[in-house]
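Each chain is listed here by its residues.
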Amino acid sequence: MKVTHILFVIAWMSCLFVLPRVILHWRKTCHSSQESEAFKSLSIGLFRFGSLMAILAISFGIWLWKAFGFNGAWLHYKMGFIVLLIVYHLISGKLLLNIIKNKPFKNNVALRLFNESSLLIVIPIIYFVVSKNA
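The structure presented is a predicted model; accordingly, all values stated were derived computationally and were not measured. (Residues numbered from 1 in each chain as written. Predicted model: local features only at pLDDT ≥ 70, side-chain atom pairs only at ≥ 80, totals over all residues. Heavy atoms only, no water.)

Caption draft 1: Molecular detail of the overall build of the protein. Of the regular secondary structure elements, the protein holds four helices and zero strands. Of the regular secondary structure in the protein, the N- to C-terminal order runs α-α-α-α. Projected onto its principal axes, the C-alpha coordinates of the protein cover approximately 55 × 25 × 20 Å. A total of 134 residues make up the protein; the buried ones form 34% of that total. Partitioning the intrachain contacts of the protein with sequence separation of at least 6 by distance along the chain shows that 82% fall at a separation of at least 24. (Helix = DSSP H or I, 4+ residues; strand = E, 2+ residues; numbered from the N terminus. Buried < 20%, exposed > 50% of the residue type's maximum accessible area, 1.4 Å probe, protein only. Contact = heavy atoms within 4.5 Å.)

Caption draft 2: Broad picture of helix H1 (residues 2–28). Taking 1.5 Å as the rise per residue, H1 with 27 residues should run 39 Å; its terminal C-alpha atoms sit 40 Å apart, in good agreement. The largest bend in H1 comes to about 30°, at Val-18, with the proline Pro-20 one to four residues further on. (Expected span 1.5 Å × (residues − 1). Bend = angle between axes of the 7 residues up to and from the residue.)

Caption draft 3: Here's a closer look at the nonpolar core. Trp-12, Met-13, Leu-16 and Leu-85 are the most contacted members of the largest nonpolar core, which has 27 residues in total. The set of elements that each furnish at least two residues to this core consists of H1, helix H2 (33–68), helix H3 (73–100) and helix H4 (108–130). Per-element tally for this core: the top contributor is H1, with 11 residues. The residues touching Leu-85, leaving out its near neighbours within four places in the chain, are Trp-12, Met-13, Leu-16, Ser-118, Ile-121, Val-122 and Ile-125. (Core = buried A, V, L, I, M, F, W, Y, C linked by side-chain atoms within 4.5 Å.)

Caption draft 4: How the structure looks around the packing of H2 against H3. Between H2 and H3, the shortest axis-to-axis distance is 11 Å and the interhelical angle comes to 160°. Regarding the angle of H2 to H3, the classification is roughly antiparallel. Relative to H3, the crossing made by H2 is left-handed. Contacts between H2 and H3 involve Lys-40, Ser-43, Ile-44, Phe-47, Gly-50, Ser-51, Ile-58 and Trp-65 on the former and, on the latter, Leu-75, Met-79, Ile-86, His-89, Ser-92, Gly-93, Leu-96 and Ile-100. (Axes fitted to C-alpha atoms, helices over the stretch in contact; angles between N-to-C directions. Parallel < 35°, antiparallel > 145°, perpendicular 65-115°, else oblique. Left-handed = near helix turned anticlockwise from the far one by under 90°.)

Caption draft 5: Layout of the environment of Ile-82. Within the secondary structure, Ile-82 is located in helix H3. Sequence separation of Ile-82 and Val-9 is 73 residues, and the distance between their C-alpha atoms is 11 Å.

Caption draft 6: Here's a closer look at the packing of H1 against H3. The N-to-C vectors of H1 and H3 enclose an angle of 25°; their axes lie 11 Å apart at closest approach. Comparing the axis directions of H1 and H3 gives the class roughly parallel. Between H1 and H3 lies a crossing whose hand is left-handed. In contact with Trp-12, Met-13, Leu-16, Leu-19, Pro-20, Ile-23, Trp-26 and Arg-27 of H1, H3 contributes Leu-85, Ile-86, Tyr-88, His-89, Ser-92, Leu-95, Leu-96, Ile-99 and Ile-100.

Caption draft 7: Region of interest: a nonpolar patch on the surface. A surface patch of nonpolar side chains, about 400 Å² in accessible area, is lined by Val-3, Ile-6, Leu-7 and Ile-10. You can call Leu-7 exposed: its relative accessible area is 53%. (Patch = residues over 30% accessible without salt bridge, like charges linked within 9 Å, V, L, I, M, F, W, Y side chains within 5 Å. Areas by Shrake-Rupley, 256 points an atom, 1.4 Å probe, with all protein chains shown as cover. Salt bridge = Lys/Arg side-chain N within 4 Å of Asp/Glu carboxyl O.)

Caption draft 8: Focus on the environment of Tyr-127. One can find Tyr-127 in helix H4. The exposure class of Tyr-127 is exposed, given its relative accessible area of 55%. Residues Tyr-127 and Lys-78, 49 residues apart in the sequence, show an inter-C-alpha distance of 8.9 Å.

Structure follows, in structure tokens:
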């Protein structure tokens with residue numbers, strides 16, 4: 001059960017780390033229709049796959065929580081950061097929807113900062129999980 005949860009979390013995180021970067025490249029290639037279509041397909045596929053992985057990771061996480069009766073302050077802190085990751089994922093979806101609808105787009109610097117900010121959310125989660133019994 002733990003291994004399955006970890007695998008789904010890794011898959012979700014890989015999508016979270018890559019999707020904003022793909023959206024950034026999509027924005028840069030908006031003049032080249034062939035490349036733009038490739039990035040569009042990749043972005044939509046990544047978001048869908050990431051959403052499925054998020055649902056499975058959260059489901060298995062809840063199952064682990066209930067099966068092993070995990071508790072403590074570390075779990076509450078971790079859950080707070082997981083909520084932030086879910087919000088981050090939803091914002092990525094909103095960016096994707098905006099580009100599909102040809103709405104105004106964030107500048108490159110804002111997208112790069114957004115892309116890197118996911119790591120700032122993941123690091124505390126890893127810390128809380130590793131140090132829960134310390």
